[in-house]
Amino acid sequence: MANALPHILVTGSTRGIGAAIVDSLRGRARVVGHGRTDGPEVVGADLSDLAAADRLWQAALARLDGRIDVLVNNAGVFEPVSVDASLEDWQAGWTRTMQINLQASADLCRAAIRHWRERGTGGRIVNIASRAAYRGDSPAHWHYAASKAGMVGMTKSIARGFAAEGILAFAVCPGFTMTGMAEDYLSSRGGEKLLADIPLGRVADPAEVASAAAYLALEAPASMTGAVIDINGASFVR
Ligand code: NAD
């Protein structure tokens, strides 16, 4: 019966939210994960390389016997770049974040849509964006916010453009989500102060983001296509 399970590619599954998404799909899908380098459970591809996303798609297809039903774009970086950096470093920071967070995701969406068209089937895309898409981010993370806003715009365009072909697209916008050691995580995001801004009183757990992603990947009704799900403890309500 393994073939009856949906085949799913989850990018950035080596840790954090991606690892939680793979966990939440266990037993409900045949999943191929992805990380920067090859491993027994993951296809390796460094998405800072312009050609890597397409290679990743082909390698994932080979591991899944030529069929992928759902693409989850989760891999991403949150790297600062200051306005005080040199122009060269500033542009390098922007290019790298846009490449990994947005361009690689777009390339994978393109490959998925072409695959589904070729097979004459529909499919689902789940893009892990961020609260930053709507709220903005720190003075050192405009590029991050811009990449995630780009992802939301891309998701909605795909939903509108390809719904008639049975291709559905969703986005998830997590707020702070505790993915590393609590102390490191909090200090990299502004310390305890950030909790004061979250009515729920805590950051999200990766399993909470994963449950929404798994719902969109497996169960969400087709009429939800184009939807964006917020997971932020009411720290940004819109
Ligand atoms: P993480 O740093 O724990 O994991 C990131 C994953 O992406 C890893 O598997 C890593 O291997 C992969 N990745 C990073 N750079 C890569 C590259 N160059 N090539 C290939 N793979 C690469 O991150 P996380 O916190 O679990 O975040 C997952 C997603 O959720 C990201 O897109 C992030 O922007 C988004 N997000 C996270 C938070 C949060 O607070 N943790 C909030 C909002 C959105």
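Residues numbered from 1 in each chain as written. Predicted model: local features only at pLDDT ≥ 70, side-chain atom pairs only at ≥ 80, totals over all residues. Heavy atoms only, no water.

(A) The arrangement of the environment of Arg-238 in detail. The residue Arg-238 is located in the segment after β7 (228-231) in this model. When the C-alpha positions of Arg-238 and Tyr-134 are compared, they lie 8.7 Å apart, and in sequence the two are 104 residues distant. In contact with Arg-238, not counting residues within four places along its chain, are Tyr-134, Val-228 and Asp-230. Reaching out from Arg-238, the side chain makes a polar contact with the side chain of Asp-230 at a distance of 2.9 Å. (Helix = DSSP H or I, 4+ residues; strand = E, 2+ residues; numbered from the N terminus. Contact = heavy atoms within 4.5 Å. Polar contact = N/O pair within 3.5 Å; in protein donor to acceptor, adjacent residues only side chain to side chain.)

(B) Summary view of the packing of helix α3 (residues 87-119) against helix α5 (residues 142-162). Taken N-terminus to C-terminus, the directions of α3 and α5 make an angle of 15°; their axes are 9 Å apart at the nearest point. With respect to their mutual orientation, α3 and α5 come out roughly parallel. At the point where α3 passes α5, the crossing takes the right-handed sense. Side by side, α3 and α5 meet where Trp-90, Gly-93, Trp-94, Thr-97, Met-98, Asn-101, Leu-102, Ser-105, Ala-106, Cys-109, Ile-113 and Arg-117 of the first sit next to Trp-142, His-143, Tyr-144, Ala-146, Ser-147, Lys-148, Gly-150, Met-151, Met-154, Ile-158 and Phe-162 of the second. Residues of the contact of α3 with α5, tallied by class, amount to 14 nonpolar, seven polar and two charged. (Axes fitted to C-alpha atoms, helices over the stretch in contact; angles between N-to-C directions. Parallel < 35°, antiparallel > 145°, perpendicular 65-115°, else oblique. Left-handed = near helix turned anticlockwise from the far one by under 90°. Nonpolar A, V, L, I, M, F, W, Y, C, P; charged D, E, K, R; others polar.)

(C) The packing of aromatic side chains, seen in detail. Applying the stated criterion across every chain yields a total of four aromatic pairs. An angle of 80° between the planes, with centres 5.0 Å apart, marks the rings of Trp-90 and Trp-142 as edge-to-face. Pair noted here: Trp-90 is in helix α3 and Trp-142 is in helix α5, with a separation of 52 residues, a long-range link. On the basis of relative accessibility, which here comes to 18%, the residue Trp-90 falls in the buried class. Relative to Trp-142, the ring of Trp-94 lies with its centre 6.4 Å away and its plane at 80°, an arrangement referred to as edge-to-face. Here Trp-94, found in helix α3, pairs with Trp-142, found in helix α5; they are 48 residues apart in sequence, far enough to count as distant. Trp-94 gets classed as partly exposed once you look at its relative accessible area, which sits at 22%. (Phe/Tyr/Trp six-rings, centres within 6.5 Å; stacked < 30°, edge-to-face > 60°. Buried < 20%, exposed > 50% of the residue type's maximum accessible area, 1.4 Å probe, protein only.)

(D) Region of the structure containing α5. Given a rise of 1.5 Å per residue, 21 residues ought to cover 30 Å, and the 30 Å separating the end C-alpha atoms of α5 matches this to within 8%. Within the span of α5, buried status applies to His-143, Tyr-144, Ala-145, Ser-147, Lys-148, Met-151, Val-152, Met-154, Thr-155, Ile-158 and Ala-159. (Expected span 1.5 Å × (residues − 1).)

(E) Helix α2 (residues 52-63), seen in detail. Relative to the 16 Å expected for twelve residues at 1.5 Å per residue, α2 spans 16 Å between its end C-alpha atoms, a close match to the ideal helical length. Taken together, the buried positions of α2 are occupied by Ala-52, Ala-53, Leu-56, Trp-57, Ala-60 and Leu-61. Those residues of α2 that are buried lie in contact with β1 (7-10), β2 (30-35), β3 (42-44), β4 (70-73) and α3. Note on α2: the residue one or two positions beyond its end, Asp-65, has a positive phi of about 55°.

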